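Results of the structural survey
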Amino acid sequence: MATENGGAAAAQLDQQTAQQVAAVLGPDVASFEQLVQALLSTQNEVRSQAEKVFGACKQHQADACVQRLVHVLKNSQQLELRGLCAVLLRKALTSDADNKTWKSLTQPTQQGMKTELLTLIKDEQNKQTAKMVCDTVSDVGAMLLEEQQWPELLPFMFQCVQSGDDTLLERVLRIFAQLVVSIEMTLSPYLATLHNVFGQSLQSQNVDIRNAALRATCSFISSLEKKSERDKFQDLVPSMLNCLGTALNQGDEATAQETLGMFIEIGEEHPTFLRKNLIEFVNAILTVMEAANLEASTRQLASEFLVTLTEAREKAPGMMRKLPQFMGKLFHALMCFLLDIDDEPEWHAADREEDEGIGNGELFDVGLEGLDRLAIALGGNAVMPIANQILPAFLQDQDWRKRHSALMTLAQIAEGCMKVMSKAISWTVDICVTGLRDPHAKVRWAACQTVGQLSTDLGPDFQEQEHARIVPTLLSAMDDVNEPRVQAHATAAVVNFSEDCEEDILAPYLDALVSKLLVLLQSPRNIVREGALTSLASVADSSKEYFEKYYSVVMPILVNILQTAGDKSLRLLRAKAIECISLVGMAVGKEKFGPDSKAIMEMLMRLQQQEMEDDDPTASYLLQAWARICKCLSNDFLPYLPVVMPPLLASARLETDVSIKYLDDEDEDEDEEEESEEFEPSASESESEEEDDDESDFDEDEEDSEEEEEEEDSEEGKTWEELEAEARNADRRKGRDEDEEEDRRSRQKRRRR
């Protein structure tokens, strides 16, 4: 039934569209069905025109449009069109602000639509179409129940529950699962009834009903704000867990993965809900995580659930610390994830830093992230005794994967355990030095990774105490001519080592370091030469005036690279040469760099004036180099400002991708502030257990002995010099992301390059 003012509204459209609207909403219902069919067209022009006409129908004649959608949904012989009409109806009524479309409908159309939807819940024979109808009822119902405009809905749903019809029960459970997310207050009076329905349905022999009940139960638990209301469902936890086991026993990993995803949501929102069944729950999920016969995605979700629980310190303080044996098993399982790695020939041959993940399986990165998060959540006193028990066996194993796993584990837990590990630096270096001499290239690569990460997380103590062992070993690794990836990673480790190293400590090694890096600049592999340039730049910056003696040898080589690296494959090499030139200039100062600066500046300006592709790194490296050279030359830089400033100003107008901020190192990881016990490599897990014994039982108000609030990273304005210093490290180190969730999920990607 079209509204009386439909003709006037259509008159506001262009003539062609108005005619099309009149046609599809006219007496011939088949015309509207053809319009819906056109919305599925693979031809862009046809589909775009159909979208335009449908939008006009919805905007100018909503009443008639809704009637047609309901008619096609109910009567079309094409299942695809019926499903699409359910989706279009849902979006048309719920996607606009203030329910504008719904309010524009006449009362007969509103009532007719509601009646037809409930009829379809009962009568629809196609399972997929029924799901789409349920979704429409859920969204429209959430909108109307809050306004008390669909009083028939809940009584209808409870009648379906009591009907004894399994199909109706499954559909209604699906609607309940979605309704509670939006209108949990409206459903609160029915919780006792729903508890009984869910409890019985979770034990149904019908797999569809059981899974629908699980979705509804988990949705209620996650959505209910009051603890007293959530607790009414706590006795259903064993049945929920049985659903997971049944799905896995039947080989239905898709359902198992969906179930684990719902468990993760509960663990994030309301971890204490699981405390009464905690041991049973975590042991079951740990079994899933350890099951090698399951898909990687299933095991990954299991690990995510367990790690999520360990991170729930604010909502469930001390809860997981009560399970020290479980923590050891989780730690071991995450280390075993790191065994999902192969020694692919492409890894050895690849010439890009981004290719270092070749050969890593799906679980490898999951294990890295999990270990990082576990260490940060629990702290060094809890994690290091576990590591001390497990690492030695892995390090001594004949399987190179296990030795590789142990070294990567040490790198991953360093951030969370830095205060305890700082008291056992010699022990960590023993492991690294042995790893750098390992017969397998990937293990040596992992040792370089660990040295670099420990240099960052344990510096400057790491450098001060162990430079005599670390530097010579890295120099030897740079001689690994048969494994260029190891050579390149050794240079990267030097970058991290030198960044937090006093120049007096670095000075005795400069002859050997500079000589070795200059040799590596002659390598046929780009990855080695690029690494050598970055390392040389960092060494120069850290050694400051000590680097003057090498200037006359180093600078001509750098200038030669700048002049000759014109091929597209050498763009990054050229960019790193620019970086190195500017840092060497800063290190030696204006008096030394000044005589060469004019020729170098002219080369850089010519380079800047060239057209560059969007992915050419040269432009960003140039901007950073200008800042450094300006600081070095001071007033002598003024003649170059007309050329330098335009791109700087253009860059300033771009949307900021990276925020520069200080990290308050002393306030970082305050959760370990009270860790006073000194870790010894022979320590037993009893220390962790004794610490846990002091905690009260699962009390809602329990305080975590190591938990302290972290202060937000302060953001301060920078002087030109400070900005330059930050810019120098931008491509080598990344700051913390202000978003905690994004930070923990991508923490391993912030690891040293």
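Everything quoted here is computed from the prediction, not taken from an experiment. (Residues numbered from 1 in each chain as written. Predicted model: local features only at pLDDT ≥ 70, side-chain atom pairs only at ≥ 80, totals over all residues. Heavy atoms only, no water.)

Bringing the overall build of the chain into the picture now. When you go through the chain residue by residue, the secondary structure sums to 39 helices and zero strands. Residue burial in the chain is summarised as follows: out of 753 residues, 56% are buried. In the chain, once contacts between residues fewer than 6 apart in sequence are set aside, the share between residues at least 24 apart is 76%. Summed over its atoms, the accessible surface of the chain is roughly 33,400 Å², and 47% of this surface lies on carbon and sulfur atoms. (Helix = DSSP H or I, 4+ residues; strand = E, 2+ residues; numbered from the N terminus. Buried < 20%, exposed > 50% of the residue type's maximum accessible area, 1.4 Å probe, protein only. Contact = heavy atoms within 4.5 Å. Areas by Shrake-Rupley, 256 points an atom, 1.4 Å probe, with all protein chains shown as cover.)

In a regular helix each residue adds 1.5 Å, so 16 residues correspond to 22 Å; helix 6 (residues 79-94) covers 23 Å between its end C-alpha atoms and thus fits that length. Restricting attention to buried positions, one finds in helix 6 the residues Leu81, Arg82, Gly83, Leu84, Cys85, Ala86, Leu88, Leu89, Ala92 and Leu93. (Expected span 1.5 Å × (residues − 1).)

It is at 8 Å that the axes of helix 31 (residues 526-543) and helix 33 (residues 571-588) come closest, and there the two elements cross at 15°. Relative to helix 33, the element helix 31 is oriented roughly parallel. Read as a crossing pair, helix 31 and helix 33 show a hand that is left-handed. Together, Arg529, Glu530, Leu533, Thr534, Leu536, Ala537, Ala540 and Asp541 of helix 31 and Leu572, Leu573, Lys576, Ala577, Glu579, Cys580, Leu583, Val584 and Ala587 of helix 33 make up the contact between the two elements. Among the residues forming the contact of helix 31 with helix 33, the class breakdown is eleven nonpolar, one polar and five charged. (Axes fitted to C-alpha atoms, helices over the stretch in contact; angles between N-to-C directions. Parallel < 35°, antiparallel > 145°, perpendicular 65-115°, else oblique. Left-handed = near helix turned anticlockwise from the far one by under 90°. Nonpolar A, V, L, I, M, F, W, Y, C, P; charged D, E, K, R; others polar.)

Attention now moves to the side chain of Thr259. Take Thr259: it is sitting in helix 16 (residues 253-269). Taking the relative accessible area as the measure of exposure, Thr259 reaches 1% and is therefore buried. Excluding its chain neighbours within four sequence positions, the residues that come into contact with Thr259 are Leu214 and Leu244.

Here Gly459 and Pro460 are connected by a cis peptide whose omega angle stands at 0°. With respect to the helices and strands, Pro460 occurs in the loop between helix 26 (441-457) and helix 27 (461-477). Positioned with a positive phi, Ser634 is a non-glycine residue whose angle comes to about 55°. Assignment of secondary structure puts Ser634 in the loop between helix 35 (618-633) and helix 36 (641-653). Classification of Ser634 by relative accessible area gives partly exposed; the value is 41%.

All right, on to helix 22 (residues 380-395) then. Of all the bends in helix 22, the greatest reaches close to 30° and is centred on Asn388; the proline Pro392 follows between one and four positions later. Within helix 22, twelve of the 16 residues are buried, which leaves it mostly tucked inside the rest of the structure. (Bend = angle between axes of the 7 residues up to and from the residue.)

Quick look at the pattern of salt bridges now. Per the stated rule, a full pass over the model turns up 27 salt bridges. In this structure, Asp139 engages Arg90 in a salt bridge whose closest nitrogen and oxygen atoms are separated by 3.5 Å. Taken together, the residues span a long stretch of sequence, with Asp139 in helix 9 (residues 127-145) and Arg90 in helix 6 at a distance of 49 residues. Residue Asp139 is classed as partly exposed on the basis of its relative accessible area, which comes to 30%. Note that Glu613 and Arg571 form a salt bridge whose closest N and O atoms lie 3.3 Å from each other. Residue Glu613 is found in the loop between helix 34 (590-609) and helix 35, and its partner Arg571 is found in helix 33; the two are separated by 42 residues along the sequence. Glu613 gets classed as partly exposed once you look at its relative accessible area, which sits at 44%. (Salt bridge = Lys/Arg side-chain N within 4 Å of Asp/Glu carboxyl O.)

Counted under the stated rule, the structure contains zero disulfides. Residue Cys432 stays outside any disulfide, its sulfur separated by 9.4 Å from that of Cys448, the closest cysteine. (Disulfide = S-S within 2.5 Å.)

Turning our eyes to something else, we now look at the packing of helix 17 (residues 278-290) against helix 19 (residues 324-337). Where helix 17 meets helix 19, the axes come as close as 10 Å, and the angle between the chain directions of the two elements is 20°. The orientation of helix 17 relative to helix 19 falls into the category roughly parallel. Like other packed secondary-structure pairs, helix 17 and helix 19 cross with a definite hand, here left-handed. Judged by residue contacts, Val282, Leu286, Met289 and Glu290 of helix 17 engage Phe326, Lys329, Leu330, Ala333, Leu334 and Phe337 from helix 19. In terms of residue class, the contact of helix 17 with helix 19 is made up of eight nonpolar, no polar and two charged.

Tracing the backbone shows Arg373 in helix 21 (residues 362-378). Within the structure, the side chain of Arg373 is placed 2.9 Å from the side chain of Glu304, a separation counted as a polar contact. (Polar contact = N/O pair within 3.5 Å; in protein donor to acceptor, adjacent residues only side chain to side chain.)

Attention now goes to the packing of aromatic side chains. In the structure shown here, the tally under the stated rule is twelve aromatic pairs. Seen from their ring centres, Phe158 and Tyr190 are 5.3 Å apart, and the 35° between their planes marks the pair as tilted. Here Tyr190 lies in the loop between helix 11 (166-187) and helix 12 (191-202) and Phe158 lies in helix 10 (residues 153-161), a separation of 32 residues in the sequence. Judged by its relative accessible area of 12%, Phe158 is buried. With a centroid separation of 5.2 Å and 75° between ring planes, the pair formed by Phe198 and Phe220 is classed as edge-to-face. Of the two residues, Phe198 sits in helix 12 while Phe220 sits in helix 13 (residues 207-223), which places them 22 residues apart along the sequence. (Phe/Tyr/Trp six-rings, centres within 6.5 Å; stacked < 30°, edge-to-face > 60°.)

Moving on: the environment of Met384. Among the secondary structure elements, Met384 is positioned in helix 22. Here the alpha-carbon distance between Met384 and Ile413, two residues 29 residues apart in the chain, equals 8.8 Å.

Structurally, Gln16 can be placed in helix 2 (residues 15-24). Since its relative accessible area comes to 52%, Gln16 is described here as exposed. In the structure, Gln16 is positioned 37 residues away from Val53 in sequence and 9.8 Å away in space, judged by C-alpha atoms.

Caution is warranted with low-pLDDT regions, since their predicted coordinates should not be read in detail. Confidence in the prediction for the chain averages 85 pLDDT; 84% of positions are at 70 or higher. Taken element by element, the predicted model of the chain shows its lowest mean pLDDT in helix 37 (residues 686-693) (39) and its highest in helix 23 (residues 400-413) (98). pLDDT under 50 marks residues 1-11. Its contacts with residues more than four places away, or in other chains, come to eleven contacts. (pLDDT = per-residue confidence, 0-100.)

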